[in-house]
Amino acid sequence: MRKLVRMLCRSSRKEKRLLYISYILNVFLISTIIMIVYALRSGIADLAESDAAQADMMASAMILVAVIIIIFFLWLIAMELKGLYDSRAQFNTNVKLMGLSNGKLTSLYLMEMLYMQPVSMVCGCVLGEIVYHFYAVEAGERMLWIQPGILIAAMALHLGMLLATVLLIGLRRGARSVVSELRGVRKRRKKKLPGVIVQAGIAVGVILAVYFSCKGFRALLDPTDALMGCQAMKLLYYVALIFAFDPVMLLAFRIAEWIGKITKAYHFRLALKLQESFWGRFKVMCFLFIFSGSLFCGLYSLYSSARLAGGSLAEKNIHYQSCTVYSEPSERGNEGTQNGTEYRTLKYQALYGEDSHFWVTGVDETYLNSCETLLAVTYPNDHETAQADRPWEVPDTYVKTAEPVDLAEDEKLAELLEDENFDGIILDDNDIFGFTENNKITLNFNGIDVTFTVYAGSLANDWGRSDAYVSRAYLEKQLGLEGYYNTVFYLEEPENADGEGASLTQTKEEICRESYTQAVKSTENIELVVWMILICSMMAVGTCLVMSCGDNRWMLACLQGMGTRREILTKIFLIQAVWNVLWVILPVVGMTNVLTRALGYLTLNPAYYSVSGFDVSPVRFALLFAAWFAVYAAIQLILIRRETKDGKCVEILRK
């Protein structure tokens, strides 16, 4: 057996080049992606708690995408192994006639695969170390090399997947009857009407179940939680898509064939028939387009939408033109505003715990009406059952609003902000659950600890930092700075702003830009996975076409032998390329929208997207489909040119 394996390996090096490349890339991708996820999750501990929660959510999305990428490459390798097995049809038949059982034939292929692994795994690990090192240096990661444990895990996962794949392919292909193959009899599976009806029924059932479940959630749950839950449930449309594919596409083929018959489009009808004859390959190609395309566009739209929301909120809700924070406080005078163009108050960067910071601003009714709009989405107190003596201090209950509430319209809050004993604080909605305990939060102002009671959670207008708002009168009293200010908000662009002694000066334009760029802070490296999906899908398209070359060879020879010119063959296969890409446009667009909303609402409060919406750009889809079509058409044209050389059809037909 070993001698036969060695002879087989030496005699088939050329036909296994693609397998060697795939093995190397598989080890490289598994080790690199696992290391990126590990480095990202390790760095979460160093972030502020609110940033850590967001980064953890993004890391979870990356893990999901990483699993899908690994499955894609496993599918590629399975297609290549299947093609290798089929290309040796004569060899397989001969060794079976010599008495070799199906189990031993499968063991032969397993041993051949294992002989290829030492070189493949070493090259894959070296490539992974090099690529990850350059990435880590560029991204500023602490761990500059892939850890040995991760390399071992990647190689074990690689080998385990290959063993299972080769075993399944070998058992399935080895089950063929040698006598039937010698007679030229092959069973061809056809889609039967009962099976198609059952698939359609399952797809309709999934759609109806999701629809009525969402209706029930909307009626039973909190509006915000219901919206998030409903969008997550809509991911089950992927399941419906799998079952609905056969019925929908068979109907589409019948309609298209009828249209081609009426218009007398002979080449179009022939392209449809040829495509339908390779139904399994067509189905796999479409699923590849749908899943990889919706993941690529969905994740890219998610990050783009988050940044757009950050920039839009700052642009819409911040009304001052610039802000200057001075190192030392000065006397404010009797008024907080000057001619309606300035607002003077106290603003400090307070410390929470050991390494988390909050920018705390003292505000009153004037600030809420003229300087900044604060939209509350969470109230951690029950106004109706509040205690009379301290109306802002209530049990630990959190109430989410169906729509954001402008705190400037909260008359009760306007009265409380004038009270020097009001210790309420308005936090970023994401910070309420991460930083508070029993509705309390203690912040340190240059050595002075001040405890606040959470009043509300608002949408963050500046995503570049954590902002909090308290009563200006209470902050002055606690810091012993009654009648002083260290910050000036300019409602109009000042002509001669005094910046002497300022520790921080920011314009509205700078805040908007910072909020946009920091919307998904510390998760930029996850976007690399998005491009891995695109590259993976392109490689999958090319591999599928190359490995199906053997199926096309006989068909091309027959058509060429009947007198079909190369130009006509090119036209037929280009029609197939258009057909493949055309029928995945609507599913990809629809599932991208579902995926973007589901992940977007699970990552951030849905109210953040009420201002900016979701960035599902049609240009992105157009570029993706153009890239798919270009790769598909280019590979098909190369294969046609190679398989239709002068005299080659005669050699194929004589075999």
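Just so it is clear, the model here is predicted, and its values are computed rather than measured. Residue indices begin from 1 for each chain and proceed along its sequence in written order. This being a predicted model, a pLDDT of at least 70 is required before a residue's local features are given, and a value of 80 or more before pairs of side-chain atoms are given or counted; all residues contribute to the totals for chains, interfaces and linings. Heavy atoms from the whole structure form the basis of all side-chain values; hydrogens and water molecules are not counted.

Starting at the N terminus, helices and strands are each numbered in turn, a helix being any DSSP run of H or I of at least four residues and a strand any DSSP run of E of at least two. Counting secondary structure elements, the protein chain contains 24 helices and twelve strands. Throughout, exposure labels follow a simple rule: accessible area from a 1.4 Å probe, protein chains only, divided by the maximum for the residue type, with under 20% read as buried, over 50% as exposed, and the rest as partly exposed. Within the span of the protein chain, comprising 655 residues, buried residues form 50% of the whole. Note on contacts: a residue pair is in contact if any heavy atoms of the two residues lie within 4.5 Å. Long-range contacts, defined here as pairs at least 24 residues apart, represent 83% of the contacts in the protein chain between residues at least 6 apart. Here the accessible surface of atoms and residues is derived via Shrake-Rupley with a 1.4 Å probe, and residues count as covered only by protein chains that are part of the display. Here the protein chain displays about 31500 Å² of accessible surface, and carbon together with sulfur accounts for 59% of that area.

Now for the sheet that holds strand 2 (residues 342-345). One bridge is not enough; two strands pair if DSSP finds at least two bridges between them. Pairing in this open sheet of four strands is antiparallel, and the strands run 2-11-1-12 from one edge to the other. Each edge of the open sheet is held by one strand with a lone partner, namely strand 2 and strand 12 (502-507). For this sheet, the mean inter-axis angle between neighbouring strands, taken without regard to orientation, is 25°. Bridging between strand 1 (residues 322-331) and strand 12 involves five bridges; their strand directions are antiparallel. Residue pairing across strands places Y326 opposite A502, the latter belonging to strand 12. Axis definition: a line fit to C-alpha positions, over the contact stretch in the case of helices; interaxial angles, taken between N-to-C directions, run 0 to 180 degrees. Where helix 17 (residues 508-517) meets the sheet, its contacts fall on strand 1 and strand 12, and the angle it forms with strand 12 comes to roughly 80°.

Moving on: a nonpolar patch on the surface. A surface patch of nonpolar side chains, amounting to about 520 Å² of accessible area, comprises V122, V126, L127, I130, V131 and F134. By secondary structure assignment, the location of V131 is in helix 5 (residues 102-139). Patch criteria: residues need more than 30% relative accessible area and no salt bridge. Like-charged residues are merged within 9 Å; nonpolar side chains of Val, Leu, Ile, Met, Phe, Trp and Tyr are merged within 5 Å. Any Lys or Arg side-chain nitrogen found within 4 Å of a carboxyl oxygen on Asp or Glu counts as a salt bridge.

Consecutive side chains of a regular strand alternate in pointing toward one face of the sheet and then the other. The element strand 5 (residues 375-379) is largely enclosed, with a buried count of five among its five residues. Sheet topology places strand 5 next to strand 9 (residues 448-458); two bridges connect them, and they run antiparallel. If you follow A376 over to strand 9, its bridge partner there is S458.

Inspection of the secondary structure assignment puts E129 in helix 5. Judged by its relative accessible area of 15%, E129 is buried. Within the local environment of E129, its side chain forms a polar contact with the backbone nitrogen of I146, the two atoms lying 2.9 Å apart. Residues contacting E129, with those up to four places away along its chain left out, are W145, I146 and L151. Each polar contact in these results corresponds to two N or O atoms within 3.5 Å; when the atoms are within protein, one needs to be able to donate a hydrogen and the other to accept it, and residues that are neighboring in sequence are counted only if both atoms are side-chain atoms.

On to the packing of aromatic side chains. Pairing of aromatic rings covers Phe, Tyr and Trp, the last through its six-membered ring, and needs centres within 6.5 Å; plane angles under 30 degrees mean stacked, over 60 mean edge-to-face, and all others mean tilted. Here the structure, examined in full by the defined rule, presents 23 aromatic pairs. Through a chain of ring-to-ring contacts, the aromatic side chains of Y320, Y343, Y367, Y469 and F489 assemble into a single cluster.

What follows is about helix 23 (residues 618-643). One fewer than the residue count of a helix, multiplied by 1.5 Å, yields its expected span. Its 26 residues place the ends of helix 23 37 Å apart at the C-alpha level, agreeing with the 38 Å of an ideal helix rising 1.5 Å per residue. Listed as buried for helix 23 are R620, F621, L624, F625, W628, Y632, A633, I635, Q636, L639, I640 and E643. The N-capping residue of helix 23, defined by a side-chain oxygen 3.3 Å from the backbone nitrogen of V619, is S617.

Before going further, it helps to examine a negative patch on the surface. By the counting scheme adopted, Arg and Lys are positive, Glu and Asp are negative, and His together with the chain ends is not counted. In this description, the location of a charge corresponds to atom NZ of lysine, CZ of arginine, CG of aspartate or CD of glutamate. The grouping of E365, E411, E415 and E418 at the surface amounts to a negative patch. Following the sequence through the fold, E418 ends up in the loop between helix 14 (411-416) and strand 7 (424-428). Residue classification places E418 among the exposed positions, given a relative accessible area of 51%.

A negative phi angle is the norm for most residues apart from glycine, just as the trans form is the norm for most peptide bonds. If you check the backbone angles, K264 has positive phi at about 60° while not being a glycine. Along the chain, K264 falls in the loop between helix 10 (237-263) and helix 11 (266-277).

The next thing to look at is the nonpolar core. With 53 residues, the main nonpolar core has F282 and V584 as its most contacted residues. Looking at this core, the element that brings in the most residues is helix 12 (residues 279-317), giving 16 residues. As used here, the term nonpolar core means buried Ala, Val, Leu, Ile, Met, Phe, Trp, Tyr and Cys residues forming a set that is joined through side-chain atoms within 4.5 Å. Grouped together as the second largest cluster of nonpolar side chains are 26 residues, A314, Y367, I426 and Y455 included.

What follows concerns helix 11. When the terminal C-alpha atoms of helix 11 are compared, their 17 Å separation across twelve residues agrees well with the 16 Å that a helix rising 1.5 Å per residue should span. The set of residues buried in helix 11 consists of L270, A271, L272, L274, Q275 and E276.

Another point: the pattern of salt bridges. This structure, assessed with the given rule, holds eight salt bridges. For the salt bridge of R254 with E257, the shortest nitrogen-to-oxygen distance reads 3.5 Å. Here the residue R254 and the residue E257 both occupy positions in helix 10, the gap between them amounting to three residues, near one helical turn. Residue classification places R254 among the partly exposed positions, given a relative accessible area of 36%. Put simply, R465 and D467 hold a salt bridge, and the shortest N to O gap is 3.2 Å. Considered together, R465 and D467 belong to a single accessibility category, that of buried residues.

This part takes up the pairing of strand 4 (residues 356-363). Taking burial as the measure, the eight residues of strand 4 include seven buried ones, the bulk of the element. Summarising the sheet, strand 3 (residues 347-352) and strand 4 pair through six bridges and their orientation is antiparallel. Across the sheet, Q349 pairs through a bridge with W359, a residue of strand 4. In the sheet, strand 4 pairs with strand 10 (residues 467-471) via five bridges, with the strands oriented parallel. Pairing of G362 across the sheet is with V470, part of strand 10.

This brings us to the confidence of the model for the protein chain. In predicted models, pLDDT denotes the confidence assigned by the predictor to each residue on a 0 to 100 scale. Residues at a pLDDT of 70 or more form 75% of the protein chain, whose mean pLDDT is 77. Note on residues 383-395: pLDDT under 50 across the span, and 24 contacts to partners over four residues away in sequence or across chains.

Take I290: it is sitting in helix 12. For I290, a relative accessible area of 2% puts it in the buried group. Here the alpha-carbon distance between I290 and V588, two residues 298 residues apart in the chain, equals 5.2 Å. Not counting chain neighbours up to four residues away, the residues in contact with I290 comprise L241, V584, P587 and V588.

All right, on to the packing of helix 12 against helix 17 then. Between two packed helices, both the angle of their axes relative to each other and the distance between the axes serve to describe the pair. Contact pair helix 12 / helix 17: the axes reach a minimum separation of 7 Å and the direction vectors enclose 160°. On the basis of the axis angle, helix 12 is roughly antiparallel to helix 17. Considering the relative orientation of helix 12 and helix 17, their crossing is right-handed. On helix 17, the residues touching R307, L308, G310, G311, A314 and E315 of helix 12 are K508, C512, S515, Y516 and T517. Polar here means any residue other than Ala, Val, Leu, Ile, Met, Phe, Trp, Tyr, Cys and Pro, which are nonpolar, and Asp, Glu, Lys and Arg, which are charged; Gly is therefore polar. Among the residues forming the contact of helix 12 with helix 17, the class breakdown is four nonpolar, four polar and three charged. Throughout, the term roughly parallel applies to angles under 35 degrees, roughly antiparallel to angles over 145, roughly perpendicular to angles from 65 to 115, and oblique to all others. In this scheme, a crossing is called left-handed if the near helix is turned counterclockwise away from the far one by less than a right angle; it is called right-handed if the turn is clockwise.

Here we take up the environment of L299. Mapped onto the elements of the fold, L299 is located in helix 12. According to the relative accessible area criterion, L299 is buried, its value standing at 3%. Considering only alpha carbons, one finds L299 and T596, 297 residues apart in sequence, at a separation of 6.6 Å.

Looking now at the packing of helix 12 against helix 23. Taken N-terminus to C-terminus, the directions of helix 12 and helix 23 make an angle of 145°; their axes are 11 Å apart at the nearest point. The two elements helix 12 and helix 23 cross, and the hand of that crossing is right-handed. Contact residues: helix 12 offers M285, F289, S292, G293, F296, C297, Y300, S301 and S304, while helix 23 offers R620, F621, L624, W628 and Y632.

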